[in-house]
Amino acid sequence: MNKHISTSLLFLLAAVSALSPFAIDSYLSAIPIIAAELNSDIAFVSVTVSIYIFGLAIGQLIGGPLSDRFGRLPIIGLGLFLFGLGSMLIAMTTSIETLWLYRIIQAIGGGISIVGIPAIIRDHTQGKESARLFSLIMLISMIAPSIAPSFGTLVLKTLGWHWIFILMAGFGVLLGLLAFKMNLKNHNNKPKEAAKEKHLGGYAAVLKQRQYMGFLLAQAFGFAMLMTFLANAPFAYIKHFDVTEEMFSALLILNVVGVVTVNRLNNRLLNKYEPAALLKAFTFMQLLAVVVLLLVTLFMPQSLLLTVAALVLVTSPIGGIMPNSSASFMNGFAKNAGTAAAALGTAQYVIGALVSACAALFSQDSLWAIVGMMLLATCISFAGAAYSKSATSTAKPPAIGHEPELDAV
């Protein structure tokens, strides 16, 4: 039976994908004020960024199998309500300890909701069409962080920091209601027996599909390379090259432009090439770019212009790596797409957090630790893409933009 993704469902997926970038970036400018109000150190408030990343991983581990068992939209709605609850509790917090606790609740809800995105895409599309949708979702995920800090600063100056999280709560609950409403309109749900059958096997069944694990490594370590750059960019630009905060923000925009450009290029290339082939090409491109960065750091370590250019070249291929690795990996899991999406997302966030943290720990007075970790992550990402079996289906992908047949959602 042909399945379609409706415009309303596509809107829901896009909105949910923007939720976590806003949750991470929209309150950054308020961290000093929050710390002062809670009578805490700024570092203790800043650590809530890392807490959210690990909470996302936990939420995906929980939400993936549940979505296989009970359906995608109900679990997405549950996660969104939990996200909204955590956001509202953060707005009312009075101590750093409760802030950490409520941040975990918010993050777990976010993880439960976002794990349904790749699962729904896999339920309705295959191969190139999946990669196109993942490209669109990634494009939104890249644009959201560039908007979130300005949004948060505006709310902070007009309403106060509490309203940043109150508005997050309202957005989460609104999307949750939309998810449940869409689920109620679905009259073609599979019986519970089929859902239970899909649930059998769990994470062990996913990990046994070793021919797809290279795609998982390609995505996780590609994301780790990006996280290493983002986590250590302040040290590299502000401390090492002594640029101003305004110049720092402008330099980061160059990386966003590079990723978006490659993302749109990838969307065009999918008309001719398979996602697995494009994944190999983009990981190889990134490997060459890291070598360029290595040479710049070795021979011209004080050149800001060359370093910025090399870092833009290194981060830009992410626009093709992430959607193609997601599509290639998810293509192998039709019956347990939720569990597979959870495994993919958890690996991505945990490995990304660990690799970027190691780079920050060892980067004392030079860029070598950062460049070294980026090189290591890129090599593993390329190896995973190069040696994975291409399992892209040759079946004609379903159309996008029609009313859905949500029997798998």
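Each value, and the rule that gives it
Residues numbered from 1 in each chain as written. Predicted model: local features only at pLDDT ≥ 70, side-chain atom pairs only at ≥ 80, totals over all residues. Heavy atoms only, no water. Helix = DSSP H or I, 4+ residues; strand = E, 2+ residues; numbered from the N terminus. Contact = heavy atoms within 4.5 Å. Axes fitted to C-alpha atoms, helices over the stretch in contact; angles between N-to-C directions. Parallel < 35°, antiparallel > 145°, perpendicular 65-115°, else oblique. Left-handed = near helix turned anticlockwise from the far one by under 90°. Nonpolar A, V, L, I, M, F, W, Y, C, P; charged D, E, K, R; others polar. Expected span 1.5 Å × (residues − 1). Buried < 20%, exposed > 50% of the residue type's maximum accessible area, 1.4 Å probe, protein only. Salt bridge = Lys/Arg side-chain N within 4 Å of Asp/Glu carboxyl O. Core = buried A, V, L, I, M, F, W, Y, C linked by side-chain atoms within 4.5 Å. Patch = residues over 30% accessible without salt bridge, like charges linked within 9 Å, V, L, I, M, F, W, Y side chains within 5 Å. Areas by Shrake-Rupley, 256 points an atom, 1.4 Å probe, with all protein chains shown as cover. Phe/Tyr/Trp six-rings, centres within 6.5 Å; stacked < 30°, edge-to-face > 60°. pLDDT = per-residue confidence, 0-100.

What about the overall build of the protein?
Piece 1. Counting its secondary structure elements, the protein contains 18 helices and zero strands.
Piece 2. Relative to all contacts within the protein whose residues are 6 or more apart in sequence, the contacts with residues 24 or more apart total 86%.

Section: the packing of helix H1 (residues 7-25) against helix H9 (residues 162-184)
Piece 1. Running from N to C, H1 and H9 point in directions that differ by 155°, and their axes come no closer than 11 Å. Taken as axis vectors, H1 and H9 run roughly antiparallel relative to one another. Remark: the crossing between H1 and H9 carries left-handed chirality. Of the residues in H9, those in contact with Ser8, Leu9, Phe11, Leu12, Ala15, Val16, Leu19, Phe22 and Ala23 of H1 are Met168, Phe171, Leu175, Leu178, Ala179 and Met182.
Piece 2. Along the lines of polarity and charge, the residues of the contact of H1 with H9 split into 14 nonpolar, one polar and no charged.

Some thoughts on H1
Piece 1. Spanning 19 residues, H1 covers 27 Å between terminal C-alpha atoms, matching the ideal 27 Å at 1.5 Å per step.
Piece 2. Burial of H1 is extensive: 15 of the 19 residues sit out of reach of the surface.

Examining the packing of helix H4 (residues 48-70) against helix H6 (residues 96-114)
Piece 1. Interaxial distance between H4 and H6 falls to 6 Å at its minimum, and their mutual angle equals 45°. In terms of orientation, H4 lies oblique with respect to H6. Where H4 crosses over H6, the handedness of that crossing is right-handed. Where H4 approaches H6, its residues Thr48, Val49, Ile51, Tyr52, Gly55, Leu56, Ile58, Gly59, Gln60, Ile62 and Gly63 are matched on the opposing element by Leu99, Trp100, Arg103, Ile104, Gln106, Ala107, Ile108, Gly110, Gly111, Ile112 and Ile114.

Some details on the pattern of salt bridges
Piece 1. Tallying each qualifying case throughout the model produces three salt bridges.
Piece 2. The shortest N-O distance in the salt bridge between Arg72 and Asp123 comes to 2.7 Å. Placement of the pair is Arg72 in helix H5 (residues 72-91) and Asp123 in helix H7 (residues 116-124), with a sequence separation of 51 residues. For the pair Arg72 and Asp123, one class covers both residues: buried.
Piece 3. With its nearest N and O atoms 3.4 Å apart, the salt bridge here joins Glu129 to Arg132. Note that Glu129 and Arg132 are positioned in helix H8 (residues 127-158) at a spacing of three residues, about one turn of the helix.

A word on the nonpolar core
Piece 1. Ranked by size, the top nonpolar core spans 114 residues in total, and within it Ile34, Phe165, Tyr237 and Phe329 carry the most contacts.
Piece 2. Ranked by the residues each element gives to this core, the list is headed by helix H12 (residues 213-240), at 16 residues.
Piece 3. Each residue touching Phe165, except ones within four places of it in the same chain, is listed here: Tyr27, Ile34, Ser87, Met88, Ile90, Ala91, Arg103 and Gln106.

Here's the deal with a nonpolar patch on the surface
Piece 1. A contiguous nonpolar patch, built from Val291, Leu295, Leu298, Phe299, Met300, Leu306 and Trp368 and spanning about 660 Å² of accessible area, is present on the exposed surface.
Piece 2. A total of four residues in the nonpolar patch trace back to one element, the largest contributor, which is helix H14 (residues 275-299).
Piece 3. Leu306 gets classed as partly exposed once you look at its relative accessible area, which sits at 33%.

Quick notes on unusual backbone geometry
Piece 1. In this structure, Asn39 is a non-glycine residue whose phi angle is positive, near 55°.
Piece 2. Counting through the fold element by element, Asn39 comes out in the loop between helix H2 (31-37) and helix H3 (42-46).
Piece 3. Positive phi, normally seen in glycine, also occurs at Asp242, with a value near 60°.
Piece 4. Relative to the helices and strands, Asp242 is located in the loop between H12 and helix H13 (245-269).

Quick look at the packing of aromatic side chains
Piece 1. In this structure the tally under the stated criterion is 10 aromatic pairs.
Piece 2. The interplanar angle of 15° and the centroid separation of 5.5 Å between the aromatic rings of Phe81 and Phe180 together place this pair among those described as stacked. Placement of the pair is Phe81 in helix H5 and Phe180 in helix H9, with a sequence separation of 99 residues.
Piece 3. Grouping aromatic residues by their ring pairs yields a cluster made of Tyr212, Phe215, Phe329 and Phe333.

Description of the confidence of the model for the protein
A low pLDDT score tells you not to read the predicted coordinates there in detail.
Piece 1. Chain-level pLDDT for the protein is 83 on average; 89% of the residues reach the 70-or-more range.
Piece 2. pLDDT under 50 marks residues 187-200. Its contacts with residues more than four places away, or in other chains, come to 16 contacts.
Piece 3. Under a pLDDT of 50 for its full length, residues 390-409 has, in the predicted model, 65 contacts with residues more than four places off or in other chains.

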